[in-house]
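Listed below, chain by chain, are the residues.
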Amino acid sequence: MRVDSDLTATRARLAVLGVDAEVPLSRSKGAGPSDDGHFTIDGRNAAVPRNPASPFVVRDGRVLERGTDRLHDTGLRLEPVRRPRFYDLTTADGIPYRKIALLHGKDVLATTVVQTCIRYAAEERCRFCAIEESLRTGATIAAKTPAQLAEVAAAAVRLDGVRQMVLTTGTTAGPDRGARNLLRCVRAVLEAVPDLPIQVQIEPPAELGVLAELRAAGATSIGIHVESLDEEVRRRWMPGKGSVPMADYEAAWDEAVRVFGRNRVSTYLLIGMGEDPAELIAGAERLIRRGVYPFVVPMRPMVGTLAHADGARGAPAEVVHRVTTAVARLLLQAGMTGAEQGAGCAACGACSVLSAAGA
Ligand code: SF4
């Protein structure tokens, strides 16, 4: 596949600087590193910050860049994702479906099954995460039941053409880190929608046997997200989660690759927490050799996070572009693409620039 480096560079700038555009669908606060509007760019899912001060604007579906005296056509086409029909529905017990799961990109149903985290005290919390803020604002409910998820998934597939589902969870106190609850959710969703590809996302569980159970239950892929391979960054940005030994991640990744298969396992690596870009790329290469897809994502401090409160800034677009193109090249050399994950963030691709770079 031929990749236009200029377009990838523009896509990286869009990911960092955002776009000045109306958007019917966005997510605010919640788990993970992004707080963005949902679009497609050249047909691919794209989560891009909404920013009235951005140099990028949209006219007739084309992304234009404000210059000193005129608008310059970047060559990218951007479409907002429309509000899905399942957002208008409510469960029999009166809970709006959109409090149970959200549409990400044009065709991904995503939910945080348990919206609380044992690591959410300020001195423990990941500085880029706002998992409990959406709960505080009433945008979601604390725990979604398997039956609720099955009901919403069936509607989202039927009414809005959803093609895959992401089940993530705040970390729970048990040694399984929430995996057994995810197991029940996977079973319930697949009973309602038998062919729906599902990705589960968890911290490394104490008993690795649960990974095989998740696979046997029908999960297509798994994300075990370390966020950074740099021990100093882990301690500073993730005081709680960073205390999980890297050896536990490595054991969980290896077992996950054994049971889910090569390139059915992924991990987030965030760009912009003070790590050395060359070391990040070298770490991504080691993950690829393990069969794990390194989903490199620009960290953009969202409202509600400690990073935002501290005035932290994400990585410059030039660094996002450099890291993304290098990791994309390594992935392509290894014959790995996000689409082949089948389900999950790497298959969705919206929060990263990797898919624009061909991976
Ligand atoms: S990459 Fe993951 S978090 Fe980002 S929009 Fe897609 S499914 Fe959601």
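In this text, all values refer to a predicted model and were calculated from it rather than measured experimentally. (Residues numbered from 1 in each chain as written. Predicted model: local features only at pLDDT ≥ 70, side-chain atom pairs only at ≥ 80, totals over all residues. Heavy atoms only, no water.)

K.L.:
Please clarify how the packing of helix 1 (residues 5-17) against helix 10 (residues 317-333) should be interpreted in this entry.
P.N.:
Each pair of packed helices gets described by two things: the angle between the helix axes and the distance between those axes. Between helix 1 and helix 10, the least distance of the axes is 8 Å, while the angle of their chain directions is 130°. Our classification of the angle between helix 1 and helix 10 gives oblique. In the crossing of helix 1 with helix 10, the sense of the turn from one axis to the other is right-handed. Within the contact between the two elements, helix 1 uses Ser5, Thr8, Ala9, Ala12, Arg13 and Val16 and helix 10 uses Ala317, Val320, His321 and Thr325. (Axes fitted to C-alpha atoms, helices over the stretch in contact; angles between N-to-C directions. Helix = DSSP H or I, 4+ residues; strand = E, 2+ residues; numbered from the N terminus. Parallel < 35°, antiparallel > 145°, perpendicular 65-115°, else oblique. Left-handed = near helix turned anticlockwise from the far one by under 90°. Contact = heavy atoms within 4.5 Å.)

K.L.:
Got a minute to help me understand the sheet that holds strand 2 (residues 44-48) in this structure?
P.N.:
Strands in a sheet are paired, the pairing made by backbone hydrogen bonds, and the direction either parallel or antiparallel. Strands sit in the order 2-1-5-4-3 across an open sheet of five strands; the sheet is antiparallel. Looking at which strands have only one partner, the edges of the open sheet turn out to be strand 2 and strand 3 (56-59). Averaged over all adjacent pairs, the angle separating strand axes in this sheet is 45°, with direction ignored. Sheet topology places strand 1 (residues 37-41) next to strand 2; five bridges connect them, and they run antiparallel. By the bridge assignment for strand 2, glycine 37 is matched with valine 48. (Pairing = 2+ DSSP bridges.)

K.L.:
Can you help me understand helix 10 in this one?
P.N.:
Think of an α-helix as turning once every 3.6 residues; residues three or four places apart then point the same way. For helix 10, which comprises 17 residues, the first-to-last C-alpha distance of 24 Å matches the rise-based estimate of 24 Å (1.5 Å per residue) to within 8%. With twelve of 17 residues buried, helix 10 lies mostly within the body of the structure. Looking at helix 10, one finds that the buried residues are Ala317, Val319, Val320, His321, Val323, Thr324, Thr325, Ala326, Val327, Ala328, Leu330 and Leu331. Backbone geometry just after helix 10 places glycine 335 at a positive phi near 70°. (Expected span 1.5 Å × (residues − 1). Buried < 20%, exposed > 50% of the residue type's maximum accessible area, 1.4 Å probe, protein only.)

K.L.:
What should I look at first to understand unusual backbone geometry in this one?
P.N.:
Peptide bonds are mostly trans, and most non-glycine residues show a negative phi. For aspartate 60, which is not glycine, the phi torsion reads 50° and is therefore positive. Relative to the helices and strands, aspartate 60 resides in the loop between strand 3 and strand 4 (62-66). Under the relative-accessibility criterion, aspartate 60 is labelled exposed at 76%. Here glutamate 227, not a glycine, exhibits a phi torsion of approximately 70°, which is positive. Judged by its relative accessible area of 7%, glutamate 227 is buried.

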